[in-house]
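Read off the chains here:
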Amino acid sequence: MELKDKVAVVTGGATGIGRALCHRFAREGARVVVADMDEPGAMEVAESIHGLAVTTDVSREADVTRLVAKATEQFGRVDLFCSNAGIALDGGPEASDEGWERIWKVNVMAHIYAARAVLPQMLERGDGYLLQTASAAGLLTQVGSAPYSVTKHAAVAFAEWLAITYGDQGIKVSCLCPQGVRTNMLERARGGGFLRDGALEADQVAEVVVAGLRAESFLILPHPEVLEYFRRKSDDYDRWLRGMRRLNEKVKAIIAAEEGQ
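Residues numbered from 1 in each chain as written. Predicted model: local features only at pLDDT ≥ 70, side-chain atom pairs only at ≥ 80, totals over all residues. Heavy atoms only, no water.

**Observations concerning a positive patch on the surface**
Working step 1: Residues Arg239, Arg242, Arg245, Arg246 and Lys250 make up a contiguous surface patch of positive charge.
Working step 2: For Arg246, the position within the fold is in helix 10 (residues 237-260). (Patch = residues over 30% accessible without salt bridge, like charges linked within 9 Å, V, L, I, M, F, W, Y side chains within 5 Å. Areas by Shrake-Rupley, 256 points an atom, 1.4 Å probe, with all protein chains shown as cover. Salt bridge = Lys/Arg side-chain N within 4 Å of Asp/Glu carboxyl O. Lys, Arg positive; Asp, Glu negative; His and termini not counted. Charge placed at Lys NZ, Arg CZ, Asp CG, Glu CD. Helix = DSSP H or I, 4+ residues; strand = E, 2+ residues; numbered from the N terminus.)

This is the structure in structure tokens:
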């Protein structure tokens, strides 16, 4: 996909990767709809790129439906929908039901709501693009966070299903799976130091995304090493699990040190 003159919707567009995508898409000549719960932040980004801001809580289907309707009303169509908004939650099965439900809605159901809302017009045209921001955690795992790992795996699975089901009907799908990115989420992460060392700037991720969209690659991997880790996982699952247990112990030690400061 070439972005010039395309209409792109980006959720979570006020900060982090979403903000970088909005600015990068605009430089490519796209008309951008900035969607976020942070109304002032979305407005600031939209004004800076001459786009449209739509206050959106992606955990609410009505909000996502309204987002697509407003984008279509303003620009006539949606060519690219980027389901980028996401949240993190530490813990395992002991995490609260409310926490599990919230992260499930934002990290998984929001992708489903977007597909429900935008696929009909794309299928009618026989053309459209869905970009799903997941995470390297969706291909590997996230030590210290079962909710994040589970929901990001689900996001990858849904993107795969979309690509398989609608790929022959003109719908392209890409799944963005970065490792560490210098965003507020990473800075707040407990024990995130092991990811910070090789973390990329959000603008660097946006550059990789534009190249991935141009190539129409399913997996967009800003950190190339993630593909090698994924291969090792598939080659010898038990060995990979042993390695991840060692990493888990290192992260627990990092958290203990952080909390002891």
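**A look at the packing of aromatic side chains**
For any pair of aromatic rings, the description consists of the separation of the ring centres together with the inter-plane angle of the planes.
Working step 1: As enumerated under the stated definition, the model contains three aromatic pairs in all.
Working step 2: An angle of 5° between the planes, with centres 6.4 Å apart, marks the rings of Phe158 and Trp161 as stacked. One end of the pair is Phe158 and the other is Trp161, both in helix 5 (residues 146-166) and three residues apart, which spans about a single turn.
Working step 3: Look at Trp161 and you get partly exposed, because its relative accessible area is 45%.
Working step 4: Residues Trp161 and Tyr166 carry aromatic rings whose centres are separated by 5.9 Å and whose planes lie at 80° to one another, so their mutual orientation is edge-to-face. (Phe/Tyr/Trp six-rings, centres within 6.5 Å; stacked < 30°, edge-to-face > 60°. Buried < 20%, exposed > 50% of the residue type's maximum accessible area, 1.4 Å probe, protein only.)

**Some remarks on the nonpolar core**
Working step 1: With 45 residues, the main nonpolar core has Phe81, Leu130 and Leu162 as its most contacted residues.
Working step 2: Elements supplying a minimum of two residues to this core: strand 1 (7-11), strand 2 (31-36), helix 3 (61-75), helix 4 (97-125), helix 5, strand 6 (171-176) and helix 10.
Working step 3: A per-element tally of this core places helix 4 first, with nine residues.
Working step 4: Residue contacts for Phe81: discarding those within four places in its chain leaves Val9, Thr11, Val64, Leu67, Val68, Ala114, Val118, Met122, Tyr129, Leu130 and Leu131. (Core = buried A, V, L, I, M, F, W, Y, C linked by side-chain atoms within 4.5 Å. Contact = heavy atoms within 4.5 Å.)

**Some details on helix 3**
Working step 1: Along its 15 residues, helix 3 runs 21 Å from first to last C-alpha, staying within 8% of the 21 Å computed at 1.5 Å per residue.
Working step 2: What helix 3 keeps buried is the set Asp63, Val64, Leu67, Val68, Ala71 and Phe75. End-on, the buried residues of helix 3 take up no more than an arc of 135°, which puts them together on one face.
Working step 3: As for helix 3, its buried residues are in contact with strand 1, strand 2, strand 3 (52-55), strand 4 (80-83) and helix 4. (Expected span 1.5 Å × (residues − 1). Arc of directions from axis to C-beta.)

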